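One letter stands for each residue in the lines below.
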Amino acid sequence: MADIQFDPSTHPHRRLNPLTGEHVLVSPHRTKRPWLGQTEPPQQSNLPQYDPKCYLCPGNTRAGGQQNDKYEHTMIFENDYAAVLPPPGPAAPPAPHPLLTTEPVQGGCDVICFHPRHDLTLARLPRGDIERIIEEWITIYKRRGAQEGIEYVQIFENKGAMMGCSNPHPHGQVWSLSTVPTLPATELSHLKKYSLSTAPSDAPRGPLNRACLLCDYINFEANVPQEEGRVVLRNEHWIALVPWWAIWPFEVMLLPYKRHISSIVHLTPEEKTAFADILSQVTIRYDNLFSCSFAYSMGIHQRPTPPQNDAVPEDQDEENLAHLHLHFAPPLLRSASVRKFLVGFELMAEPQRDLTPEQAAQRLRGTSAVHYLEVPDSADSTSAATQGVDATNN
């Protein structure tokens, strides 16, 4: 046994996610496993520019009876079927047992229409339109985060029917809550714990010159040779990579790497432009991977609410220990029609993946920076790609 040389591309192993303290089981030897299970219908890519039946198109009437503005860029409105309701709320009822507690939650839910065109996605939008979306994210993060009783603002997008998106019109959501949800609370706890460490590092530092887990992590990743590493692409201010601990086959984390930035309100104009550029590039490469409109859930993790006191310098505000980053969780596995399921062992024990993060990053790096629909004669190849199943890749 001692003579066997460990090979991460062949041998099963576990990887730790230092943001959550959880492990993922990596089983690279399973990539050639045949697939006879469920397949998904192709994502529709020939949508009309305007759909008179769409609840989100300009000028149309929504399901709740409200009429949309005839917007030309973006539009924000309160969700007609919000998951949480605004304050005041009821007090918590007495617990029938110490193990059975109830915590009332108040807040608000907003919808952001990214563009008036029904047939576009982030991958098809010009950089200037993506910059407008970023400005809207900043505006609503500041507005909701300043409201009394709001402790957390979550910005996210669900793209594609297989991710539960009920409408293909390009849009995202913002949920504002009176409590910090479990996942970001766990990340913030690990970031805080790491900030108290004294490990030497030449990476950027967090507030009060403390260590930052993500600054240290991305500083290491940025210096790994490309052919061995997990970085998909980078620009002057942002980097996109398949993280060491990725669960989803082509999961991507996107974050600034030149300095510690705790939220989108702290971005400079140049960093916003670079943010728009890398959002475009990541989503284009996703679509190009299987020549389809690539489904995913995306969320922004940052400090729970923006700073309310401008008198405190950014590098002296202890609340800035969060490091701004985005998670992309896409379900597609082998082709446009075969997805990953979190079931069985993954529900009862811990997440598992076959394709290694290094292999996933290599495949994403190998895709074109030009959207496949912008390539002449792409329609025929698109049809073939969305119908076929590649049984050799995870």
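Residues numbered from 1 in each chain as written. Predicted model: local features only at pLDDT ≥ 70, side-chain atom pairs only at ≥ 80, totals over all residues. Heavy atoms only, no water.

When helices and strands are counted, the protein chain shows seven helices and 14 strands. Burial statistics for the protein chain: of 394 residues in total, 52% are counted as buried. Partitioning the intrachain contacts of the protein chain with sequence separation of at least 6 by distance along the chain shows that 71% fall at a separation of at least 24. Carbon and sulfur atoms provide 54% of the accessible area of the protein chain, an area that totals close to 18,900 Å². (Helix = DSSP H or I, 4+ residues; strand = E, 2+ residues; numbered from the N terminus. Buried < 20%, exposed > 50% of the residue type's maximum accessible area, 1.4 Å probe, protein only. Contact = heavy atoms within 4.5 Å. Areas by Shrake-Rupley, 256 points an atom, 1.4 Å probe, with all protein chains shown as cover.)

Turning our attention to a nonpolar patch on the surface. On the surface, a nonpolar cluster with roughly 360 Å² of combined accessible area is contributed by Val343, Leu347 and Met348. The topology assignment puts Leu347 in helix α5 (residues 345–348). (Patch = residues over 30% accessible without salt bridge, like charges linked within 9 Å, V, L, I, M, F, W, Y side chains within 5 Å. Salt bridge = Lys/Arg side-chain N within 4 Å of Asp/Glu carboxyl O.)

There is about 760 Å³ of room inside the largest pocket. If you trace the largest pocket, you find 29 residues lining it, with Leu183, Trp248, His301, His327 and Ala329 closest to the centre. Broken down by element, the lining of the largest pocket gets its largest block of residues, five residues, from helix α2 (residues 182–195). Of the residues contributing to the lining of the largest pocket, the split by class is 15 nonpolar, eleven polar and three charged. (1 Å grid on protein atoms, 1.4 Å probe; cavity = no way out; pocket = protein on both sides within 12 Å on 5 of 7 lines; lining within 4 Å. Points joined across faces, edges and corners; volume = space filled by probe spheres on them. Nonpolar A, V, L, I, M, F, W, Y, C, P; charged D, E, K, R; others polar.)

What follows covers helix α1 (residues 127–145). Taking 1.5 Å per residue, 19 residues should reach 27 Å; α1 reaches 27 Å between its end C-alpha atoms and fits that length. Listed as buried for α1 are Asp129, Ile130, Ile133, Ile134, Glu136, Trp137, Ile138, Ile140, Tyr141, Arg144 and Gly145. Lining the buried residues of α1 we find β3 (75–78), β4 (107–113), β5 (152–159), β6 (171–177), α4 (269–290) and β10 (296–301). (Expected span 1.5 Å × (residues − 1).)

Next up on the list: the sheet that holds strand β14 (residues 352–353). Spatially, the three strands line up as an open sheet ordered β1-β2-β14, and their pairing is mixed. The open sheet is flanked by β1 (13–17) and β14, the only strands paired with a single partner. Pairing between β1 and strand β2 (residues 22–26): five bridges, direction antiparallel. Among the inter-strand pairings, Leu16 is bridged to a residue of β2, identified as His23. (Pairing = 2+ DSSP bridges.)

What follows is about the pairing of strand β9 (residues 252–256). β9 sits mainly inside the fold: five of its five residues count as buried. Summarising the sheet, strand β8 (residues 238–241) and β9 pair through four bridges and their orientation is antiparallel. Paired with Trp238 across the bridge in β9 is Pro256.

Inspection of every chain in the model, using the stated rule, returns two cavities of 30 Å³ or more. Put simply, the largest cavity is a space of about 60 Å³. Looking at the largest cavity, the residues that line it are Pro184, Glu187, Leu188, Leu191, His301, Gln302, Ala322, His323 and His325. By residue number, the principal contributor to the lining of the largest cavity is α2, which donates four residues.

Bringing the packing of α1 against α4 into the picture now. Running from amino to carboxyl end, α1 crosses α4 at an angle of 115 degrees, the nearest separation of the two axes being 9 Å. Crossing of α1 over α4 shows right-handed handedness. Along its contact with α1, which presents Arg127, Ile130, Glu131, Ile134, Glu135, Trp137 and Ile138, the element α4 presents Lys272, Thr273, Phe275, Ala276, Asp277, Leu279, Ser280 and Gln281. Split by residue class, the contact of α1 with α4 holds seven nonpolar, three polar and five charged. (Axes fitted to C-alpha atoms, helices over the stretch in contact; angles between N-to-C directions. Left-handed = near helix turned anticlockwise from the far one by under 90°.)

This next bit is on the pairing of β1. Two faces make up the sheet, and in a regular strand the side chains alternate between them. Here β1 shows one buried face, formed by His13, Arg15 and Asn17, and one open face, formed by Arg14 and Leu16. Here β1 hands over to β2 after four residues, with Gly21 in that stretch at a positive phi of 80 degrees.

Okay, the nonpolar core next. Counting residues in each nonpolar core, the largest one holds 52 residues, and the members touching the most others are Trp137, Leu254, Phe275 and Phe328. Here the element with the most residues in this core is α4; it accounts for nine residues. With near-sequence residues (within four places) excluded, Leu254 lies in contact with Trp238, Ile239, Ala240, Phe275, Ile278, Leu279, Val282, His325, Leu326 and Phe328. Formed by 20 residues, the second largest nonpolar core is a distinct cluster that contains Ala203, Cys212, Leu241 and Met253. (Core = buried A, V, L, I, M, F, W, Y, C linked by side-chain atoms within 4.5 Å.)

Interpretation note: all reported values are geometric properties and have no functional meaning in isolation.
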